[in-house]
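Structural features, examined
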Amino acid sequence: VHNTPVRLQATPDYGSRFAGFYDGSTLLNNQADYTFPVVRDLHLTARFELQQYSLTVTSNNAALGRVEGSGTYKFQSDATLRATPNPYCRFVAWLNAEGDTLSRDNPFAYRVEAAGRVTGLFAETFYRVTAAAQPAAGGNVTGGGSFSAQTPQKIELTAEAKAGYTFSHWRIERSDGEPDAANLSADNPLTLVSGRIATDYHCTAVFEPIRFQISATAEPEEGGNVTGDGLYEYQTQVRLTAIPAAG
């Protein structure tokens, strides 16, 4: 009926917003609840648009690395997040605003469904230096530990021989497969790294037992023979036997 009021209501789905009622390309009203009098035939279209949300992407520490991906995105679109660690640092994970891990992928396709904040978690790279004695009874070693690759280091190892042993050399093994992955050094203390550490090291202090010369002779020489002389290690039991000559 002419001039009869008509009420139109538009309800957007989650992630969408109402853009307006249109007659063809003409916007009649942008209110989701629209009442108007009927004066002619109409074909109206309720238009909806995807919501756009702001995504903020930050680094937990700018000194460790930087991130990309902040911006405005349509609902359920994928934001590409990228993390670039600074030298001697490493990327760990992407965290949501509550601190929960979203992904360890880099880059990471983050599905935007609301406004939010994502943090790229970076950490310093640490390497371990371990030291051991060979044999264990031969001596003690000091030094080693866990060291940041970001901070220049001077790492020293010291070998101290126990009684009856002497320090021989260090056997140095790197975990990165470099051509010099097995090195020897007679330095003590050993300066392993003077600068930035870039791999794990395992160092073995090799100790050698001290050998003592035991000499035994008969006097007078024609009076007999003595057996048991020779080289002996520390605290080894030595047995000397005197064999008298006939008469």
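Higher on the page you've got the structure.
The structure reproduced in this document is the subject of the present report. (Residues numbered from 1 in each chain as written. Predicted model: local features only at pLDDT ≥ 70, side-chain atom pairs only at ≥ 80, totals over all residues. Heavy atoms only, no water.)

1. Details of the sheet that holds strand E20 (residues 190–195)
Note the following rule: Two strands are counted as paired when DSSP detects at least two bridges linking them. Secondary structure counts use DSSP, requiring at least four H or I residues in a row for a helix and at least two E residues in a row for a strand, with both numbered from the N terminus. Where helices are involved, their axes are fitted lines through C-alpha atoms of the stretch in contact, as for all axes, and angles between N-to-C directions lie from 0 to 180°.
Taken in spatial order, the 3 strands line up as E15-E17-E20 in an open sheet, and their pairing is antiparallel. In this open sheet, the two edge strands, each paired with only one partner strand, are strand E15 (139–142) and E20. Put simply, the sheet's adjacent strands are angled 5° from each other on average, direction ignored. In this sheet, strand E17 (residues 153–161) lies alongside E15 in antiparallel orientation, the contact comprising 4 bridges. Its bridge partner being in E17, Asn-140 is matched across the sheet by Glu-160.

2. A word on the pattern of salt bridges
Definition in use: Salt bridges are counted wherever a side-chain nitrogen of Lys or Arg sits within 4 Å of a carboxyl oxygen of Asp or Glu. Residue burial is assigned from relative accessible area. The probe radius is 1.4 Å, only protein chains are included, and a residue is buried under 20% of its type maximum, exposed over 50%, and partly exposed in between.
Using the criterion set out here, one finds 7 salt bridges in the structure. Residues Glu-68 and Arg-66 are paired through a salt bridge, measuring 3.6 Å at the closest nitrogen-oxygen approach. Taking the relative accessible area as the measure of exposure, Glu-68 reaches 39% and is therefore partly exposed. Here Arg-111 and Asp-78 are joined by a salt bridge, their closest N and O atoms 2.5 Å apart. One end of the pair, Arg-111, is in strand E12 (residues 108–111); the other, Asp-78, is in strand E9 (residues 78–85), and 33 residues separate them in sequence. Taking relative accessible area as the criterion, Arg-111 reaches 43% and is therefore assigned partly exposed.

3. What about the nonpolar core?
Quick note on the threshold: For the purposes of this section, nonpolar cores are sets of buried Ala, Val, Leu, Ile, Met, Phe, Trp, Tyr and Cys residues that join through side-chain atoms within 4.5 Å.
In terms of nonpolar packing, the biggest core is built from 18 residues, with Leu-55, Leu-81, Trp-94, Tyr-110 and Val-112 touching the most fellow members. Looking at this core, the elements that each hand over two or more residues are strand E6 (52–59), E9, strand E10 (89–95), E12 and strand E13 (116–124). Counting residues in each nonpolar core, the second largest holds 17 residues, with Leu-157, Ala-159, Phe-167 and Tyr-201 among its members.

Geometric descriptors of this kind do not, in isolation, establish any biological role.
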